[in-house]
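Residues per chain are reported as follows:
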Amino acid sequence: MSSIYKSLMNKTQNKNSYSDTEGRVDSNDSLKENVTHYLELLDFGSWTYDIKSKDIILSDEIYKLFECSPKNFENKLDSFLKFIHPEDKERISIARERIKVGKTGPDLVYKIITNSGNEKYILEKIKLILDDANEPCKLVGVIQDITKEKLMEKELNKLEYLAYHDELTGLPNSRYYKEELKRQWECASETQSSFCLMMIETGCIRNINYALGFDVGDRLTLELVNRLKAFLEEDTFLSRYSDDHFAILIKGKRTTQEYNDLAKGLIHLFKKPIKIDDFQLDMVINIGISIYTDKDQSVDSLRKQAKVALVKAKKEGKNTYDFYSSDLDVQHFKEISLRNDLHKLTEENQLQVYYQPIVNLKTNKILAVEALARWDHPEWGIVSPDEFIPLAEDSGHIIEIGKAVLREVCSSFKEWNKNRTPNLKVSINLSSIQFFESDFVKNMEDIIYEHGLNPSFLIFEITDRVLLNNTDKVKDDIGKLKSLGIQLALDNFGVCYSSLSYLTLIDFDILKIDSSFIKNIYTNETCTVITKTIIEMAKELKIKLVAKGIKNWEQLSSLKLFNCLAGQGHLYSRAIPAKNIKPILSNGVCKPTKPNDVVIPKVERRKFFRVPFTRLLEAEMTIREIKGRKVDVGRTKILIKNIGPGGLCFLSNISLPVERNLILQFKTNLLEEEIKVLGHPVWTKDYPNYNEYGVQFIVDENERAGLVKILNLVQIRMKQDSLFADGNFITSSPNVYFNEL
C-alpha cells in the first residue's frame, strides 16, 4: 500500500499544477480521474478537507465504508468525525490538528462505527497541502478498511498468548517458564549475578479433581494463585507449568536466610484451609529450591536441582521445603528417574502383572491368586511396587495404573478360563487415591464388562488408609462393588490400631494378616498370641482369613496348628509372570517347597581370589553410566562383604538391576590406601531390608596389579591379627546400619 499511496499523494500534493492554463486543467482533471480509479481498484477511500471553508469531500469508497448514502451526509468535518469510535475520537482529532500546523506523524489506525452499527478498523494517511503563499489550505487523506487484518492479528495474538499462558489461571505456562528461566540464566551469566528457582508442588489438586470434580478443583487452583500473587512481589515471575506444579523465579542476589523466610512465608500462606462452597479444603505444598551461583550451572541442571530438592522436601513430610545439595545419592537419582518416567509405564506398555497363589494350607489347593504390579523399566529393570506405587499415588498416575492392572487381570483371567480353571478368584490391590475418582466404580465396571466377564471372580484389597478420608464416598463405592459380586479384603490387618473399628464400618469378606506377625509367629510370644487371636476372631465373625508372607516351615506349622485356612508366601511361590503361573493354575495345587536339608557344595567359578572380611567394610558407591548414558550422581553408602582383584560382593538398601551396561564406581579405604574401581553387577540376592550384589570389575591390568598388591598385604595383616580393622569397618549388623542411614 505505502509505495502506491506515496506515488498518488505526490501527484496531488502541488496545488499550482492545477491552475496554470486551461490545458493544464484538462490534464489535471484526467489525472484526478485516474487517481480515483486507482483508489477504487485498491479498495481505498479518499477525502479532501478545505481548511478555510471547513468542507470535506468524500469519495464513493468512503460512503461504502461508512455504510451511508451521500444524501444523508453533510460535507462537514463533524459529519466525518461522528463515525469515529468514541475511544479514538479525541486522539484522531488531536492528530489532525497537529497535521494542520505542519507537524507530521505516523499513519493513523482507529475504529469506526458504521451507519449500520458495525465496527471496522481503519488505516489512514493524511497529507497537508499548501497554497501559493505557503500557507496550509487543505488536508487530503486516503483510508483503507483493515478490519480483516486487525481481526486476524487479534486472533494470532490470542493464539500466541494461549501458547505461552495457562488457560485457567493466565499464568505463564511450561513453555514460557522454560524460556524465561533461560533468559534469566543468560542475564545472570553475563552480569555475574544470581537468581533463585523455587518449585512448588500442591499434591491435593489432582485428588480434589477426582473426588469433587474439576469445577471445584479449578476454583481451588484460582484461589491458590490469588494467594501466591498477593504474597509475591510484583516483578516476581510466577508460572503454572503443570496441573499442580508452580515455579517462582526470584531475581537478584539474596541471603540464604531471605530465601528461608520466603519459603516459610509461602508455606504459612496455606495453613488456613480454602473454602469452596461447603468444603473446607486443606492445602499441602512442598517447595524445592535451587540457587544460580556458578557459571558452570546449566539451565537444565538448575531445573533438575530444584526437582531434587523438591523430592527431598516431600520425603521430609507435608508443608516442607528444602534447598538443593550436591549430595544427590543413588536412591534420590533413581527416584527422580522413576518419577519422570511414570507416564511411560502405561503409555509404553512397561507395566507387568505378576501373580502369587493363595492356597488352602491343609490341601494345597489354589483358592485365588493375588495380582501384583511390576514396572519393567528400560534402565532400572523390574521395579517393585514398593518403589513406584508411592510415586504414582503422589503424582496421580495411580488412577491410570489401576485401570491398566485391571485390564491385564481381565485379559489373563479370560485366557485362563479357556483351560477351565475351576472357581479361581483374582485379588487386586486398590490405592486410596483411586477412591477419589468420581466415577471409580463405573470405570472398573466398564473394564470388566469390556472383557465379557462376570465381576464375581474379583477380590479387591484395601488397607485402612483408604478409610481415613472421605469415608462416606468410600463406603458408598464399596457397597456398589459388593453389589456387583466383588469380594472385599482388608489388607495388612492388625498393623493399625483402628483396624478393629473398621470391621464395624465395612462388611469385609476377607482379612489378610500382616506379614510382620507371621515373620515372628514361632519366636515371639506377642506375635503368636496376636495371630492366634485374629484367626479365632475371624472364625467367630465368619470372615475368611489369609496369612501373608509365609517363608518357612516353622511359620506354616504354627499357622496350621492355629487352624488358619489360607495363606501365601515364598514357601509356596514367589509372585511370577502370567505365562509362568498358567501351568500352576492348570494343576490346581501349589505345594510348599521342601526344606533344603542337603548342603550342595558351592562350585568356585571365580578367576581371582577373594578376601572375605570378618566385619563389613563401609564404602561409597555411585553410578557412572546407564546403557551408555553418562550420569552425574552423588555417592551412596554400601557395605562390602568381600573383595578380590576380579570383583567384590556388597550389600545395599537400594534395588539395582543386574545389567552389564550399568557401570558402578566403588570407593573405600584399606591400609590407608584409597581403592577406587569400576564394575557392573552380575548377580543379586534379596534380603528383607537390603540386597546383596556380586560385581565384576572393569579394570586394566595395571589397576588390577595395584589392587592385588593391596589385597595381599591385607591378607597378611588379617593372618597376623584376627581383629584386623585398618579400614572403614563397621561393628553393627546390616539391618541396623541401613536403618540408621
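Remember, it's a predicted structure, so these values are computed and weren't measured experimentally.

A. Structural view of the pattern of salt bridges. Under the criterion given, the structure shown has 42 salt bridges. The partner of Lys442 in a salt bridge is Asp446, and the shortest N-O contact between them spans 2.9 Å. A residue pair is termed a helical-turn pair when its members lie 3 or 4 positions apart in one helix, as Lys442 and Asp446 do in helix α15 (residues 440-450) at four residues. Here Asp491 ties to Lys548 by a salt bridge, and the two come within 3.0 Å at their closest N and O atoms. Of this pair, Asp491 sits in strand β18 (residues 487-493) while Lys548 sits in the loop between β20 (544-547) and α20 (553-561), placing them 57 residues apart in sequence. The class of Asp491 is buried, set by a relative accessible area of 7%. Of the residues examined, Lys548 reaches a relative accessible area of 14% and is grouped as buried. Through salt bridges that share partners, Glu201, Lys314, Lys315, Glu335, Arg339 and Asp394 make up one connected network.

B. Fine view of unusual backbone geometry. Positive phi, close to 55 degrees, is recorded for Glu67, a residue that is not glycine. Here Glu67 shows up in the loop between α3 (60-66) and α4 (77-81). Taking the relative accessible area as the measure of exposure, Glu67 reaches 26% and is therefore partly exposed. Despite not being glycine, Asn134 has its phi angle at roughly 65 degrees, a positive value. Within the secondary structure, Asn134 sits in the loop between β4 (119-130) and β5 (136-145).

C. The arrangement of the confidence of the model for the protein in detail. Chain-level statistics for the protein give a pLDDT mean of 86 and a share of 91% at 70 or above. Here residues 1-27 scores under 50 on pLDDT; set against residues more than four positions off or in separate chains, the count is 30 contacts. Within the model, the stretch residues 597-601 combines pLDDT values under 50 with zero contacts to residues more than four positions away or in other chains.

D. Structural context of the pairing of β4. As defined by bridge partners, strand β3 (residues 108-113) adjoins β4 across six bridges and the pair is classed as antiparallel. Counted as the bridge partner of Ile112 is Lys120 from β4. As paired strands, β4 and β5 are joined by nine bridges and run antiparallel to one another. Of the residues in β5, the one forming a bridge with Ile122 is Asp145. Linking two consecutive strands that pair antiparallel, namely β4 and β5, is a turn of five residues; a positive phi of about 65 degrees is found at Asn134 within it.

E. Looking closely at a nonpolar patch on the surface. Taken together, the side chains of Met152, Leu156, Leu159, Tyr161 and Leu162 define a hydrophobic patch exposed on the protein surface, amounting to about 510 Å² of accessible area. Tracing the backbone through its elements, the reader meets Leu159 in helix α6 (residues 147-164).

F. Structural view of the environment of Tyr292. Within the fold, Tyr292 resides in strand β11 (residues 285-292). Sequence separation of Tyr292 and Ser189 is 103 residues, and the distance between their C-alpha atoms is 9.1 Å. Those residues in contact with Tyr292 that lie beyond four places of it in its chain are Trp185, Ala188, Ser189, Ser193, Ser194, Phe195, Gln297 and Leu302. A polar side-chain atom of Tyr292 sits 3.0 Å from a polar atom in the side chain of Ser189.

G. Focus on the sheet that holds strand β1 (residues 44-50). Spatially, five strands are ordered β2-β1-β5-β4-β3 in an open sheet, and the strand pairing comes out antiparallel. The sheet is open, and its two edges are formed by β2 (56-58) and β3, each paired on a single side. Here the average twist between neighbouring strands, direction ignored, is 30 degrees. Relative to the sheet, helix α5 (residues 86-100) contacts β1, β3, β4 and β5, its axis offset from that of β3 by approximately 135 degrees. Contacts between α6 and the sheet are confined to β3, β4 and β5, with β4 contributing the most and set at about 125 degrees to the helix.

Conventions used here
Residues numbered from 1 in each chain as written. Predicted model: local features only at pLDDT ≥ 70, side-chain atom pairs only at ≥ 80, totals over all residues. Heavy atoms only, no water. Salt bridge = Lys/Arg side-chain N within 4 Å of Asp/Glu carboxyl O. Helix = DSSP H or I, 4+ residues; strand = E, 2+ residues; numbered from the N terminus. Buried < 20%, exposed > 50% of the residue type's maximum accessible area, 1.4 Å probe, protein only. pLDDT = per-residue confidence, 0-100. Contact = heavy atoms within 4.5 Å. Pairing = 2+ DSSP bridges. Patch = residues over 30% accessible without salt bridge, like charges linked within 9 Å, V, L, I, M, F, W, Y side chains within 5 Å. Areas by Shrake-Rupley, 256 points an atom, 1.4 Å probe, with all protein chains shown as cover. Polar contact = N/O pair within 3.5 Å; in protein donor to acceptor, adjacent residues only side chain to side chain. Axes fitted to C-alpha atoms, helices over the stretch in contact; angles between N-to-C directions.

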